[in-house]
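Structural description and commentary
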Amino acid sequence: MSRQASGLMAWLIQRATAVYLAFFLVYVLIHFTLNAPADHAALSAWATRPWVALGLMLFVPVLLAHAWVGIRDVLIDYVHALGARIGLMLLFGFVFIASGLWALKAIITAGLGG
Amino acid sequence: MRISVYRFNPDTDTKPRMQDYEVKTFQGMMLRDALLEVKKQDESFSFRHSCGEGVCGSDGVNANGTNVLACITPISELKTPIQVRPLPGRPVIRDLVVDMTQFYEQYRAVKPYLVRKDPLPEQEIPQSPADRDKLDGLYECILCGCCSTACPSFWWNPDKFHGPAALLQSWRFLADSRDQATEERLDALEGPYKLFRCHSIMNCVEVCPKGLNPTRAIGHIKELMLDKGL
C-alpha cells in the first residue's frame, strides 16, 4: 500500500524543507545584522567557510524543492487548462534547475577562490 | 432598517443586482426574520430556510461578506445596511438559492457511514466513553455548507477537492473506533486534490456556525497518513 504519491509526499517535503529554511534564514539574518561583510572579499570569505559553504550548498536544493511544491500548488489551484499548466510547470522547472545550478556554481567558484 | 439582498432570476435577468428593502425590526430579530420580512414585501424573492433554530442547515447565506446561518445570526450583530448574498462560489439557481450538488457529491465521496468488515453483532457495536469522546466536535456538523463555500481551495477546485465539510466527516469516521476501513479511506484521499488542496487558510473555522474546526480534522488526517504511510 503506497502513499508515496504526489499528495502526502509533496506536503511532507514542503514542511520538512520549511524547517531547514527557517533555521538557515534566521542564521543568515542574524549574521548579516550583527556582522555584515564589508565588501565582496569579506562576503566570499564568509561563504567559503566550510560549514557556511555546506549550509549554502544544502540551502539551494532545499529552497528549490520548497519553491517547486509551492509553485505546483499555485498552478494546480489557478491554472486549469492542461496545456497552460504543463507549459508553466516546464518553464518554472527549467528556471528552477538553471538557478540552482548557477547558485551551486557560484558557491563552488567562490570556494575555489575564483 | 435597510437590508440589501442579491436578486437574480436566470429566466428573466441577464445579470444579478442588489435590491434594497426597508424592514421593521424587533428585539431578538434574526437575519432569517428579516429575510422573511423581505419575502412578505416581495413574493418573488427566494431563499432556503426550514427549522429556524440552527439545526437543519438550510439557510446558509453570505451576510456582509461572511457566511452565516441566517436563523441564528442576530441582526444587531450586523452592520447596516445588511448586504445579503448567496453562498460564494456556487452556481445561483435564483436569488439566495444556490446549487449545492458538488458539495453533496464531495460529502458522498468520503463514505460518511460506518464500514464494518466483521459480521455485524446482533445488537449495537460497543464503544468506550473515551473513544466516543473522540467524535465530539465532528459529529455536530449540520452540512450547511458555510465552510466549504468560504474556502478558496473549494472555489477553485470544487469538482476535485473534497472541501472542509466533507473532510471533517472523513475524519469523523477515521476517528471512530467502530469503523474498519481506515486504510481504504486514507488510500482514497491520496493525490494532490482531494485532501491536499487544503492550505490551512482556516476560513472554514472562522465561519462554522457550530464552532467546529475542519482545519484541525484535516491535520489529524495528515498525521494519520504519516503514521500509516512512513
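The structure we're discussing is the one just above.
Bear in mind the structure is a predicted one, so any value in this text is a computation, not a measurement.

Counting residues in each nonpolar core, the largest one holds 24 residues, and the members touching the most others are Leu167(B), Trp171(B), Leu195(B), Ile221(B) and Met225(B). Among the elements of the structure, helix H1 (8–34) of chain A together with helix H5 (163–174) and helix H8 (214–229) of chain B are those that each provide at least two residues to this core. If you tally residues by element for this core, the top one is H8(B), at five residues. If you look at the next biggest cluster of nonpolar residues, it comprises 22 residues, including Met29(B), Phe47(B), Val61(B) and Ala70(B).

So, about the packing of aromatic side chains. Per the stated rule, a full pass over the model turns up 11 aromatic pairs over all chains. Residues Phe32(A) and Trp46(A) carry aromatic rings whose centres are separated by 5.3 Å and whose planes lie at 85° to one another, so their mutual orientation is edge-to-face. One end of the pair, Phe32(A), is in helix H1; the other, Trp46(A), is in helix H2 (residues 40–47), and 14 residues separate them in sequence. Residue Trp46(A) is classed as buried on the basis of its relative accessible area, which comes to 6%. Linked through ring pairs, Tyr20(A), Phe24(A), Tyr27(A), Phe32(A), Trp46(A) and Phe59(A) together constitute an aromatic cluster. One cation-aromatic arrangement involves Lys160(B) over Tyr193(B); the distance from NZ or CZ to the ring centre is 4.8 Å.

Counted by the stated rule, this structure contains 14 salt bridges over all chains. Here Asp13(B) ties to Arg17(B) by a salt bridge, and the two come within 3.4 Å at their closest N and O atoms. By relative accessible area, Arg17(B) is classed as partly exposed at 40%. Members of the salt-bridge network, linked through shared partners, are Asp73(A), Asp77(A) and Arg197(B).

Whenever strands of a sheet pair, they do so through backbone hydrogen bonds, lying parallel or antiparallel. Residues and elements named next belong to chain B. Strand order in this open sheet of five strands is E2-E1-E5-E3-E4, and the pairing throughout is mixed. Each of the sheet's edge strands pairs with one partner strand only, and the pair in question is strand E2 (17–22) and strand E4 (66–69). Strand after strand, the sheet turns through a mean of 35° between neighbouring axes, direction not considered. Here helix H1 (residues 31–41) sits on the sheet in contact with strand E1 (2–7), E2, strand E3 (60–63), E4 and strand E5 (82–85), set at roughly 75° to E1.

Residue and element names in this part refer to chain A. Its place among the elements puts Ala-36 in the loop between H1 and H2. Judged by relative accessible area, which is 48%, Ala-36 ranks as partly exposed. A sequence separation of 10 residues divides Ala-36 from Trp-46, and the C-alpha atoms of the two residues are 9.9 Å apart.

With 18 residues of chain B at the contact, the number on the chain A side is 16 residues. Taking both sides of the interface into account, the surface hidden between chain B and chain A amounts to around 1,700 Å²; carbon and sulfur atoms contribute 56%. Viewed at the interface, chain A and chain B are joined by two salt bridges. In this structure, the salt-bridge partner of Arg197(B) is Asp73(A), at a minimum N-O distance of 2.7 Å. On the surface where chain B and chain A come into contact, there are eight residue pairs in polar contact (both at pLDDT 80 or more). Secondary structure elements with two or more residues in the side of chain B that touches chain A: helix H6 (182–188) and H8 of chain B. Of the residues forming the side of chain B that touches chain A, the biggest block, five residues, is contributed by H8(B).

Another point: the environment of Arg17(B). Residue and element names in this part refer to chain B. With respect to the secondary-structure elements, Arg-17 resides in strand E2. Sequence separation between Arg-17 and Ile-93 is 76 residues, and the spatial gap between their C-alpha atoms is 14 Å. Not counting the four nearest positions on each side in its chain, Arg-17 is found in contact with Val-5, Tyr-6 and Arg-7. A distance of 3.1 Å separates a polar atom in the side chain of Arg-17 from a polar atom in the side chain of Gln-19.

Criteria and cut-off values
- Residues numbered from 1 in each chain as written.
- Chains lettered and ligands numbered in written order.
- Predicted model: local features only at pLDDT ≥ 70, side-chain atom pairs only at ≥ 80, totals over all residues.
- Heavy atoms only, no water.
- Core = buried A, V, L, I, M, F, W, Y, C linked by side-chain atoms within 4.5 Å.
- Buried < 20%, exposed > 50% of the residue type's maximum accessible area, 1.4 Å probe, protein only.
- Helix = DSSP H or I, 4+ residues; strand = E, 2+ residues; numbered from the N terminus.
- Phe/Tyr/Trp six-rings, centres within 6.5 Å; stacked < 30°, edge-to-face > 60°.
- Lys NZ or Arg CZ within 6 Å of the ring centre and 35° of its normal.
- Salt bridge = Lys/Arg side-chain N within 4 Å of Asp/Glu carboxyl O.
- Pairing = 2+ DSSP bridges.
- Axes fitted to C-alpha atoms, helices over the stretch in contact; angles between N-to-C directions.
- Contact = heavy atoms within 4.5 Å.
- Buried area = accessible area lost by both parts, 1.4 Å probe.
- Polar contact = N/O pair within 3.5 Å; in protein donor to acceptor, adjacent residues only side chain to side chain.

Keep in mind these numbers describe shape, not what the thing actually does.
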